[in-house]
Amino acid sequence: QVQLVESGGGLVQPGGSLRLSCAASGSIFSINVMGWYRQAPGKQRELVAAITSGGSTNYADSVKGRFTISRDDARNTVYLQMNSLKPEDTAVYYCNADLFDSYYGTLRDYWGQGTQVTVSS
């Protein structure tokens, strides 16, 4: 009943920038936390950044000072601005939303399909 659609991934050179977007749609009453996770080949999925409905943010140590998460509640959209990208940032990036689903009448956790980010020269 809820879909998360990501966009903005791609290939970028080291030191470059990318902006990821994730739009949520469907039976959404309210969204608590929205976040970005990533999973590199052979590694576990890890939290990159998250933002609460009140605007509080949390970042992985590896991206602090380089990535910025933001959200537009009018559009149910979360963004991840990624600057000074490094080869170790290469991964599939997944959007996550913890929200109140009006169809089920309860809090539920949703994931996007993932978008590939490759940092390489």
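That block above? That's the structure.
Remember, it's a predicted structure, so these values are computed and weren't measured experimentally.

Cut-offs used in this document
- Position numbers for residues start from 1 in each chain and track the written sequence from start to end.
- Totals for whole chains, interfaces and linings use all residues, but because this is a predicted model, local features are given only for residues with pLDDT of at least 70 and pairs of side-chain atoms are given and counted only at 80 or more.
- Hydrogens are left out, water is left out, and the side-chain values use all remaining heavy atoms of the structure.
- Criterion used throughout: strands pair if DSSP finds at least two bridges between them.
- Only DSSP runs of H or I with at least four residues qualify as helices, and only runs of E with at least two residues qualify as strands; both kinds are numbered from the N terminus onward.
- Every axis corresponds to a line fitted to the C-alpha atoms, with the helix fit spanning only the stretch in contact, and the corresponding angles, defined between N-to-C directions, vary from 0 to 180 degrees.
- Per-residue accessibility, obtained with a 1.4 Å probe over protein chains only, is compared with the maximum for each type, and a residue is labelled buried under 20%, exposed over 50%, and partly exposed between these values.
- Residues scored as positive are Lys and Arg, those scored as negative are Asp and Glu, and His as well as the terminal groups of each chain are ignored.
- Think of a salt bridge as a Lys or Arg side-chain nitrogen and an Asp or Glu carboxyl oxygen that are within 4 Å of each other.
- Contacts described as polar in this section are N or O atom pairs within 3.5 Å, which, within protein, must combine one atom able to donate a hydrogen with one able to accept it, while residues neighboring in sequence count only if both atoms come from side chains.
- Any two residues whose heavy atoms approach within 4.5 Å at even a single point are treated as in contact.
- Centre distance within 6.5 Å is the pairing criterion for rings of Phe, Tyr and Trp, where only the six-membered ring of Trp is used; planes under 30 degrees apart are then read as stacked, over 60 as edge-to-face, and the remainder as tilted.
- In this scheme, Lys NZ or Arg CZ marks a charge over a ring once it lies within 6 Å of the ring centre and within 35 degrees of the ring normal.

A.B. asks: Let's hear about the sheet that holds strand 1 (residues 2–7): which residues, and what values?
C.D. replies: Paired through backbone hydrogen bonds, the strands of a sheet run either parallel or antiparallel to each other. Read from one edge to the other, the open sheet built from 4 strands follows the order 1-3-8-7, with strand pairing classed as antiparallel. With one partner strand each, in any of the chains shown, strand 1 and strand 7 (67–72) form the two edges of the open sheet. Strand-to-strand twist across the sheet, computed as the mean angle between neighbouring axes with direction ignored, equals 15 degrees. One ladder, built from 6 bridges, connects strand 7 with strand 8 (residues 77–82); its direction is antiparallel. By the bridge assignment, Asp 72 is partnered in strand 8 with Thr 77.

A.B. asks: Can you explain the side chain of Asp 101? Please cite residues and give values.
C.D. replies: With respect to the helices, strands and loops of the structure, Asp 101 is situated in strand 9 (residues 91–101). For the buried residue Asp 101, which engages in no salt bridge, the nearest side chain bearing the opposite charge is Arg 108, 4.3 Å off. A polar side-chain atom of Asp 101 sits 2.4 Å from a polar atom in the side chain of Tyr 110. Dropping the residues within four chain positions of it, Asp 101 is found in contact with Gln 1, Val 2, Ser 27, Thr 106, Arg 108 and Tyr 110.

A.B. asks: I'd like a description of the environment of Ala 60, backed by residues and values.
C.D. replies: With respect to the helices and strands, the residue Ala 60 is situated in the loop between strand 6 (57–59) and strand 7. Taking the C-alpha atoms as reference points, Ala 60 and Ala 49, separated by 11 residues in sequence, lie 6.3 Å from one another. Not counting residues up to four positions away in its chain, the partners in contact with Ala 60 are Leu 47 and Val 48.

A.B. asks: I'd love a proper account of the pattern of salt bridges, names of residues and values included.
C.D. replies: What the rule picks out here adds up to 6 salt bridges. Lys 64 is paired through a salt bridge with Asp 61; the nearest N and O atoms lie 3.1 Å apart. Looking at Asp 61, the relative accessible area reads 64%, which means it is exposed. Each of Arg 38, Glu 46, Arg 66 and Asp 89 takes part in salt bridges that share partners, so that together they form one network.

A.B. asks: Give me unusual backbone geometry: which residues, what numbers.
C.D. replies: Positioned with a positive phi, Asn 76 is a non-glycine residue whose angle comes to about 50 degrees. Turning to its location among the elements, Asn 76 is positioned in the loop between strand 7 and strand 8. For Ser 84, which is not glycine, the phi torsion reads 50 degrees and is therefore positive. Position of Ser 84 among the secondary structure elements: in the loop between strand 8 and strand 9. Accessibility expressed as a relative area gives 40% for Ser 84, which makes it partly exposed.

A.B. asks: Pulling in residues and values, what's your account of the packing of aromatic side chains?
C.D. replies: Scanning the entire structure with this criterion turns up 3 aromatic pairs. Measuring from ring centre to ring centre gives 5.7 Å for Phe 29 and Phe 100, while their planes differ by 70 degrees; the resulting arrangement is edge-to-face. Taken as a pair, Phe 29 in strand 4 (residues 28–39) and Phe 100 in strand 9 lie far apart in primary sequence, 71 residues in all. In this structure Phe 29 comes out as exposed when scored by relative accessible area, which is 64%. On the basis of relative accessible area, Phe 100 is assigned to the partly exposed category, the value being 29%. Ring geometry for Tyr 103 versus Tyr 104: centroids 4.9 Å apart, planes at 85 degrees, classification edge-to-face. For Tyr 104, a relative accessible area of 43% translates into the label partly exposed. We note Arg 19 situated over the ring of Tyr 79; from NZ or CZ to the ring centre the distance is 4.1 Å. In this structure, Arg 45 is placed above the aromatic ring of Trp 111, and the distance from its NZ or CZ to the ring centre is 4.7 Å.

Remember, this is a structural readout, not a statement about activity or role.
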